[in-house]
Amino acid sequence: MGGITHCRFLKAPVTKLEAKGPKSAVWTITAVVTLTTDLGETFYEENATLEAVLYRHGPGNAETAILSKTVDWTFPMRALKVVLQVDATNCNPKQQYALKVGEKERKGARDALGQYMMARGQTSVLPIWSLPFKLGQKTKELFVERRLRIREDRVLKVVEETGESIARHIWDAGLSASLVLASLDNEKSNLTSPELRKAIKGCLGHDHVNILELGAGCGTFGITFATLFENCQVTLTDLGLAEEIADLNLKANSHGDRAKFVELDWTEPLPEHYKTSFGLVIMTDCTYNSAYFEPLVGVIDTVLHSNNRLLMAYKQRHEDEKQFFELMEAKGLEVTCRTKVAIGGDTENAQLIELLIYQRK
């Protein structure tokens with residue numbers, strides 16, 4: 001399985017105080033993880049050494065690692081139990097803790113962004129963080145957190161759901177496109193082409209840029225724009241199902257009034273002001289469901305005019321996706337820039353994320 005492998009909690013951390021002797025006790029932290037693709041269709045088909053790290057929260061949201069343990073994922077596993085024990089005398093039940101599980105670091109296995117590798121020849125495991133919890137209290141099983149270092153001084157926190165709703169998960173194209181944005185000023189980065197770098201910077205080269213994100217889901221891509229570029233005002237849109245997760249991520253990354261979520265159904269009439277309000281339209285991972293191609297292209301056709309652009313990223317998942325691009329062409333929308341990013345795997349098996357810029361002919 002080439003590409004990005006997602007570490008997921010099947011069971012969020014559970015804590016229990018256990019006696020080890022007449023005068024001693026330990027806190028046992030137990031979780032169950034799995035390694036899959038972004039949509040969970042395939043489990044990781046190789047062996048991997050993972051590392052579980054328990055962090056204690058301190059003043060000012062500082063985190064201190066107090067315990068780590070390596071655990072082995074062995075093919076054909078489908079789930080892996082993680083158990084850590086820490087001396088009760090070293091713990092304060094009033095403080096908060098977090099559990100991180102990810103691939104044990106290997107020399108040279110990280111890219112310049114310090115998050116995960118997107119080089120050919122190896123597969124990266126995207127680590128997972130629990131939300132903060134207190135020892136002895138029930139943890140929040142519904143949500144977990146990803147952390148993406150998009151600048152040396154800034155980590156993007158992306159909350160996603162542990163359940164089955166695909167609208168509330170982080171997907172590979174949105175993740176990869178966000179890291180492409182973060183690498184725009186790094187001319188040595190292999191995450192994008194000089195042509196795409198120039199084109200994106202051209203879209204952002206104004207004092208103020210209104211951005212519309214379609215099918216935002218967790219909001220990863222749009223929130224990355226708001227984080228990196230202070231001249232951007234971002235409107236995240238999706239069905240109401242995504243509102244809770246998008247709002248959590250807006251709150252986690254503190255953008256004030258420069259980013260917001262608005263419910264938008266592609267099959268309903270578009271608000272009139274959307275036709276002229278946005279200098280850039282963005283979307284990622286929106287071509288997986290052919291049933292929505294026509295309404296999606298209808299929205300794009302409405303909001304794209306002669307002076308703005310669409311920046312999209314996708315990972316091909318089925319042959320039907322070619323219908324989307326045929327519909328775009330039929331509307332007089334043309335690709336002016338295209339680049340592909342290889343994510344993991346050897347040359348033959350590497351998965352490709354494609355980024356395109358559209359404009360009206």
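Data block above holds the structure.
Everything quoted here is computed from the prediction, not taken from an experiment.

Here is what the cut-offs are and how they apply
- Residues numbered from 1 in each chain as written.
- Predicted model: local features only at pLDDT ≥ 70, side-chain atom pairs only at ≥ 80, totals over all residues.
- Heavy atoms only, no water.
- Helix = DSSP H or I, 4+ residues; strand = E, 2+ residues; numbered from the N terminus.
- Buried < 20%, exposed > 50% of the residue type's maximum accessible area, 1.4 Å probe, protein only.
- Contact = heavy atoms within 4.5 Å.
- Arc of directions from axis to C-beta.
- Pairing = 2+ DSSP bridges.
- Right-handed = clockwise from strand over helix to strand, strands pointing away.
- Core = buried A, V, L, I, M, F, W, Y, C linked by side-chain atoms within 4.5 Å.
- Axes fitted to C-alpha atoms, helices over the stretch in contact; angles between N-to-C directions.
- Salt bridge = Lys/Arg side-chain N within 4 Å of Asp/Glu carboxyl O.
- Phe/Tyr/Trp six-rings, centres within 6.5 Å; stacked < 30°, edge-to-face > 60°.
- Lys NZ or Arg CZ within 6 Å of the ring centre and 35° of its normal.

**Student:** Please set out the overall build of the protein residue by residue, giving values where relevant.
**Tutor:** What the protein contains, in helices and strands, is six helices and 18 strands. Its C-alpha atoms give the protein principal-axis dimensions of about 80 × 45 × 40 Å. A total of 361 residues make up the protein; the buried ones form 52% of that total. Long-range pairs, those at least 24 residues apart, make up 68% of the contacts in the protein with a sequence separation of at least 6.

**Student:** A description of the pairing of strand β15 (residues 280–284) should follow, citing residues and the corresponding values.
**Tutor:** Of all the five residues making up β15, five are buried; the element is thus mostly covered by neighbouring parts of the structure. Residues of β15 alternate between two faces, with Leu 280, Ile 282 and Thr 284 on one and Val 281 and Met 283 on the opposite face, all of them buried.

**Student:** Let's hear about helix α2 (residues 194–203): which residues, and what values?
**Tutor:** Looking at α2, one finds that the buried residues are Leu 196, Arg 197, Ile 200 and Cys 203. Buried residues of α2, seen end-on, are gathered within an arc of 125 degrees and therefore sit on one face of the element. Those residues of α2 that are exposed and angled more than 90 degrees off the buried face are Pro 194, Glu 195 and Lys 198.

**Student:** Go over the pairing of strand β14 (residues 259–263), please, and point to the residues and values.
**Tutor:** Here strand β13 (residues 232–238) runs beside β14; their pairing, made up of five bridges, is parallel. Paired with Thr 237 across the bridge in β14 is Val 262. The parallel pair β13 and β14, bridged by helix α4 (residues 243–253), forms a crossover whose chirality is right-handed.

**Student:** Describe the nonpolar core, naming the residues involved and giving the relevant values.
**Tutor:** One finds Ile 211, Phe 225, Leu 280 and Leu 311 to be the most contacted residues of the largest nonpolar core, which totals 51 residues. Membership of the second largest hydrophobic core comes to 27 residues, among which are Ala 52, Leu 99, Ile 128 and Phe 133.

**Student:** An account of the sheet that holds strand β7 (residues 124–126) is requested, with residue identities and associated values reported.
**Tutor:** Taken together, the four strands give an open sheet; going across it, the order is β5-β2-β1-β7, and neighbouring strands pair in mixed fashion. At either end of the open sheet lies a strand with only one pairing partner, and these are β5 (80–87) and β7. Here the average twist between neighbouring strands, direction ignored, is 35 degrees. Bridge count between strand β1 (residues 4–21) and strand β2 (residues 24–36): twelve bridges; the pairing is antiparallel. If you follow Cys 7 over to β2, its bridge partner there is Leu 35.

**Student:** Give me the lowdown on the pattern of salt bridges, citing residues and values where you can.
**Tutor:** Enumeration according to the criterion identifies 16 salt bridges in this entry. When the shortest N-O distance is used, the salt bridge between Glu 63 and Arg 147 registers 2.8 Å. Of this pair, Glu 63 sits in strand β4 (residues 63–73) while Arg 147 sits in strand β10 (residues 143–151); the two residues are 84 residues apart in sequence, bridging distant segments of the chain. Judged by relative accessible area, which is 14%, Arg 147 ranks as buried. Measuring nitrogen to oxygen at the nearest pair gives 2.8 Å for the salt bridge that ties Glu 145 to Arg 147. When sorted by exposure, Glu 145 lands in the same class as Arg 147, which is buried. What you see here is one network of salt bridges that share partners, running through Asp 38, Glu 41, Asp 172, Asp 285, Lys 315 and Arg 317.

**Student:** Report on the packing of aromatic side chains, specifying residues and quantitative values.
**Tutor:** For the structure shown, the criterion picks out nine aromatic pairs. A centroid spacing of 5.3 Å and a plane angle of 80 degrees characterise the contact between Tyr 274 and Phe 278, whose relative ring orientation is edge-to-face. The residues Tyr 274 and Phe 278 share a single accessibility class, namely buried. Between Tyr 314 and Phe 325 the ring centres are 5.1 Å apart and the planes differ by 50 degrees, which places this aromatic pair in the tilted class. Placement of Tyr 314 in strand β16 (residues 309–314) and of Phe 325 in helix α6 (residues 322–330) is noted, with a sequence separation of eleven residues between them. Judged by relative accessible area, which is 8%, Tyr 314 ranks as buried. Grouped by ring-pair contacts, the aromatic residues Phe 293, Tyr 314, Phe 324 and Phe 325 constitute a single cluster. Above the plane of the ring of Trp 129 lies Arg 147, whose end atom (NZ or CZ) is 3.5 Å from the centre.

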